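Per-entry structural report
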Amino acid sequence: MAGGRPGAQMPHLSKMERVVVSMQDPDQGVEMRNQRLRITVIPHTVAGSDVVDWLVQKYCISEEEALHLGTLLVLHGYLYPLRRPRSLVLRPDDTPYRFQVRCNWEQTPYFWTSTLWPAAELDYAIYLTKKNIRKQGALVGHEKEHYDQLHRKISHTWDLVVMQAREQLRAAKQRRKGDRLVIACQEQTYWLVNRPPPGVPSVLEQGPERSSCTAGRVQMTKNTEFYKREMERYRKALTRARVKSSVCLEAYLKFSSQHAPHDPIMSGCLPSNPWVTDDDTYWTMNAPSVTVPTKLRVERWGFSFQELLEDPLGRAHFMDFLRTEFSAENLSFWEACEELRHGGQAQVHAMVDAVYQQFLAPGAACWVNIDSRTMERTLEGLQQPHRYVLDDAQLHIYMLMKKDSYSRFLKSAAYKDLLAQAVIPPEAKRRVFPFMRKLPHSSPSPALLPASTSGEPVAAASGPECGDGGT
Amino acid sequence: MAREECKALLDALNKAIACYHHLVLTVGGSADSQNLREELQKTRQKAQELAVATRAQLTAALRDRGLGAEERAEFERLWVAFSGCLDLLEADMRRALALSTAFPLHAPRRPLVRTGVAGGAAGVAARALSARSLRHEAEGDFDVDDLREQECEILQVSEMIHDMEMKVNVPRWTVQARQTAGAELLSSAGACSVGAVSVQERTGPCDPSKALAATVFSAVLLAAVALAVCVAKLS
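For clarity, every value in this text was computed on a predicted model and none was experimentally measured. Sequence order as written defines the numbering, with residues in each chain counted from 1. Lettering of chains starts at A and numbering of ligands starts at 1, both following the order in which they are written. Owing to the predicted nature of the model, reporting of local features is limited to residues with pLDDT of at least 70; listing and counting of side-chain atom pairs is limited to 80 or more, with chain, interface and lining totals taken over all residues. To obtain the side-chain values, all non-hydrogen atoms of the structure were used and water was disregarded.

So, on to the packing of helix α1 (residues 2–24) of chain B against helix α2 (residues 34–63) of chain B. Residues and elements named next belong to chain B. Lines are fitted to the C-alpha atoms to define the axes, a helix being fitted only along its stretch in contact, and any angle between axes, read from their N-to-C directions, falls within 0 to 180 degrees. Numbering of helices and strands starts at the N terminus; helices are DSSP runs of H or I of at least 4 residues and strands are runs of E of at least 2. Running from amino to carboxyl end, α1 crosses α2 at an angle of 155°, the nearest separation of the two axes being 9 Å. Considering the angle they form, α1 stands roughly antiparallel to α2. Between α1 and α2 lies a crossing whose hand is left-handed. Of α2, the residues touching α1 (which contributes A2, E5, C6, L9, L10, A12, L13, A16, C19, Y20, L23 and V24) are L36, E39, L40, T43, R44, A47, L50, A51, A53, T54, Q57 and L58. Each residue gets one label: Ala, Val, Leu, Ile, Met, Phe, Trp, Tyr, Cys and Pro are nonpolar, Asp, Glu, Lys and Arg are charged, and the others, such as Gly, are polar. The class makeup of the residues in the contact of α1 with α2 is 18 nonpolar, three polar and three charged. Roughly parallel covers angles under 35 degrees, roughly antiparallel covers those over 145, roughly perpendicular covers 65 to 115, and oblique covers all other angles. Left-handed describes a crossing whose near helix is turned anticlockwise from the far helix by less than a right angle; the clockwise case is right-handed. Whether two residues touch is decided by their heavy atoms; if any such pair falls within 4.5 Å, the residues are in contact.

This is the structure in structure tokens:
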């Protein structure tokens, strides 16, 4: 366990711990009873219903929520059932439970994988060996598998495992019978939570850490290193560009409202969702090069110049339009620059030369109109050509096309013809069993499904009809 | 012989660590008290003393170049067991520190978790220290000073582990343990059912106080029978 403090406690665990501690209050805590086992009496038992009532009263929540919170406490091992130890749920009746102390430091397994902390595997091996001794060799199921697995993994320390297991059992015998039972139950619950049986989800799993590694690390000493890092962080933060959230949100809303009808998840797709109906007409109709594009696709070209250029069909039509206006060399130049940027490293020199000869040299075949300052800069850069040497010129031409030709294209007859000729594919009728009452939707949109869907596998959705609203 | 000494020391260390583990399980629970904290400290210190002694012996033995292959294998086995013991001890000490800080016994007092453990652990500590019994009374503020000591001791143990790894080169993958899977079932000494979760009451033959009571009772019964026979004969 090489150095390093464990990471910050997971916040939900510290909250649960506070709840459990407030339950222990002798005056205002949960009522405790005694558990009677033939001649042994063990105190500090709570009934499930008492826990639920206490939670409802203390936090003013509904009974359903209290039950859920109680089950969370049981799942994490703060409370364990006495009758059926493997079923970690809170039952709101008089099922007895008992508390145990959980060390939150142990419950950050994300930071301590078994390679970093050999003691975790060793602990589990010792526990299984003790259980093996107690059950006279009758370990079953996943515990037997884990036992064999551990024996293969750490067979070199197996002497220690056996020695420790025997000694721990002997040490336990020094206690009273009631205490022994309690401690054994506690250990069993601990391992049920930390090594759940197959099929039971592990409550201690955390998703991938999205924020930076230093988030949540507890700083031990505020020395000069720490302050230097803080200063650097704030300096970087000052140089960040800031946008007012009102501006951001407006743009976001506009984008969402514009693109909503085009999103297959939000609005369904016509003729039908290929993943649902196994019919790939949708893909063939929206292939990159198709003679008659769909209406949605043509409309998208009107959203922004970038959309038009990204679609190969749109770009081809735009090129045709530019040819009628005798400014096709702009788009050719732009395409050539794109090829340079994304092409192979070995071809950079040759390509730069070709582009210069064709577009930039005085008296070239397709001379492009770039302003003098950009031209000077580009010509200087051509002395040492690299992939991005034509970026300025490309950007200039791009803005030219966007401000000038693009708006004319959208108002042109060519574009309007395209819109008129574009097809709206009809929604495919799904063949259904004759005895189905509801007609299943061929392109269900999960966003519009009602909260409780039917369990029938064929009827994937019983949502409202959104096919007609696709345009 | 050096091997026997090492083995004896390792057994004692093993016992101390097992008892310490058992004591740590009850920190923060209803049986927590200043006495428990003092027992923890005593067991911990005993374990550390034994660890230092074992380490000295084992290092001396392994550094000896004139050791035969079989002897060396034996010492390497002991070494691997010893480093495992230290890992367990360090983990338990950290756990104990975290729990002692989370459940301080001095004011401001946080209510202890009512776990149902009621009895004292003096027997366990006595076993660790190989004493017959332990009688003491801890002062009221024991745990405050103890916390600082615990931190220092944890650092000492981590240093010891680190030193061990650096100074003695024992490749773990070459060590073959003596015990195989299921070896724990073969011994008779530890094979009694202890603390079973179900409510089976087993009158196992391994309870010394019960055995003593049984012998005394049978002796008294025999005496009574003999007296009755004498009375019957006399009358």
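In this section: the interface of chain B and chain A. In this assembly, 68 residues from chain B lie in contact with 68 residues from chain A. Summed over both partners, the accessible area (1.4 Å probe) lost when two parts come together is defined as the buried area. The junction of chain B with chain A conceals about 6,100 Å² of combined surface from both sides, 61% of it contributed by carbon and sulfur atoms. Salt bridges are identified by distance alone: a Lys or Arg side-chain nitrogen within 4 Å of an Asp or Glu carboxyl oxygen. On the surface where chain B and chain A come into contact, there are three salt bridges. Two residues, A:E167 and B:R127, come together in a salt bridge whose shortest N-O distance is 3.2 Å. Think of a polar contact as two N or O atoms within 3.5 Å of one another; within protein, one of them needs to be a possible hydrogen donor and the other a possible acceptor, and neighboring residues in sequence only count if both atoms come from side chains. Inspection of the chain B/chain A interface yields eleven residue pairs in polar contact (both at pLDDT 80 or more). Elements supplying a minimum of two residues to the side of chain B that touches chain A: α1, α3 (69–102) and α4 (122–128) of chain B. A total of 13 residues in the side of chain B that touches chain A trace back to one element, the largest contributor, which is α3(B). Residues belonging to the side of chain B that touches chain A are distributed by class as follows: 32 nonpolar, 21 polar and 15 charged.

UniProt positions are given in the numbering used here, feature names are shortened, and annotations may be inferred rather than shown by experiment. On the UniProt side, "coiled-coil region" (unreviewed entry) is annotated at positions that read residues 30–57 of chain B here. In this annotation, residues 30–57 of chain B is assigned 86% helix and 0% strand; the end-to-end C-alpha distance for the span is 41 Å.

Turning our attention to the sheet that holds strand β2 (residues 40–47) of chain A. Residue and element names in this part refer to chain A. At least two bridges found by DSSP between two strands is the condition for calling them paired. Ordered by their spatial adjacency, four strands build an open sheet running β1-β2-β4-β3, and the pairing between neighbours is antiparallel. Each of the sheet's edge strands pairs with one partner strand only, and the pair in question is β1 (33–37) and β3 (79–81). Neighbour-to-neighbour, the strand axes of the sheet open up by a mean angle of 55°, direction not taken into account. Relative to β2, helix α2 (residues 48–59) is tilted by about 40°, and along the sheet it contacts β1, β2, β3 and β4 (96–99).

It is worth spelling out the environment of A:H142 at this point. All names here are of chain A. Examined against the element boundaries, H142 turns out to sit in helix α5 (residues 141–153). Here H142 falls in the buried class, since its relative accessible area comes to 13%. As a C-alpha pair, H142 and P197 span 55 residues in sequence and 6.4 Å in three-dimensional space. When sequence neighbours within four positions are dropped, the list of residues in contact with H142 reads R86, R195, P197 and P198. Partly exposed describes any residue whose relative accessible area lies between the buried limit of under 20% and the exposed limit of over 50%, with all areas from a 1.4 Å probe on protein chains only and scaled to the type maximum.

Quick look at the confidence of the model for chain A now. Per-residue confidence from the predictor is reported as pLDDT, which spans 0 to 100. Taken as a whole, chain A shows an average pLDDT of 82; of its residues, 82% reach a score of 70 or greater. Across residues 107–117 of chain A the pLDDT falls below 50, and counting only partners more than four positions away or on other chains, this stretch makes 27 contacts in the model.

With that settled, the discussion passes to the nonpolar core. Nonpolar cores were defined as sets of buried Ala, Val, Leu, Ile, Met, Phe, Trp, Tyr and Cys residues, with membership established by side-chain atoms within 4.5 Å. In this structure, A:M23 and B:L13 are the most contacted members of the largest nonpolar core, which totals 99 residues. Those residues in contact with B:L13 that sit more than four places away from it in its chain are B:A47, B:L50, B:A51, B:T54, B:F82 and B:C85. Of all hydrophobic cores here, the second largest spans 37 residues; its members include A:V298, A:L313, A:V352 and A:M375.

What follows covers the packing of helix α6 (residues 158–172) of chain A against α3(B). Across the interface, α6(A) lies against α3(B) with an axial gap of 8 Å and an inter-helix angle of 55°. With respect to each other, α6(A) and α3(B) are oriented oblique. As for the relative orientation of α6(A) and α3(B), their crossing is right-handed in sense. Here A:D159, A:L160 and A:Q164 of α6(A) lie close against α3(B), whose contacting residues are B:R77, B:A81, B:G84, B:C85 and B:L88. Among the residues making up the contact of α6(A) with α3(B), the classes are represented as four nonpolar, two polar and two charged.

What follows deals with helix α5 (residues 142–167) of chain B. Residue and element names in this part refer to chain B. Expected helix span is computed as 1.5 Å times (number of residues minus one). Relative to the 38 Å expected for 26 residues at 1.5 Å per residue, α5 spans 37 Å between its end C-alpha atoms, a close match to the ideal helical length. The set of residues buried in α5 consists of F142, D143, D146, L147, Q150, E153, I154, V157, M160, I161 and M164. On its buried face, α5 is in contact with α2 and α3.

Let us look at the pattern of salt bridges. Under the defined criterion, the tally for this structure stands at 33 salt bridges over all chains. Here A:D179 makes a salt bridge to A:R175, at a shortest N to O gap of 3.7 Å. The burial state of A:D179 is the same as that of A:R175; both residues are buried. Across the pair B:E74 and B:R77 runs a salt bridge whose closest N-O atoms are separated by 2.7 Å. You can see B:E74 and its partner B:R77 sitting in helix α3, three residues apart, about one turn around the helix. Taken together, the shared-partner salt bridges in this structure form one network comprising A:D159, B:E74, B:R77 and B:R178.

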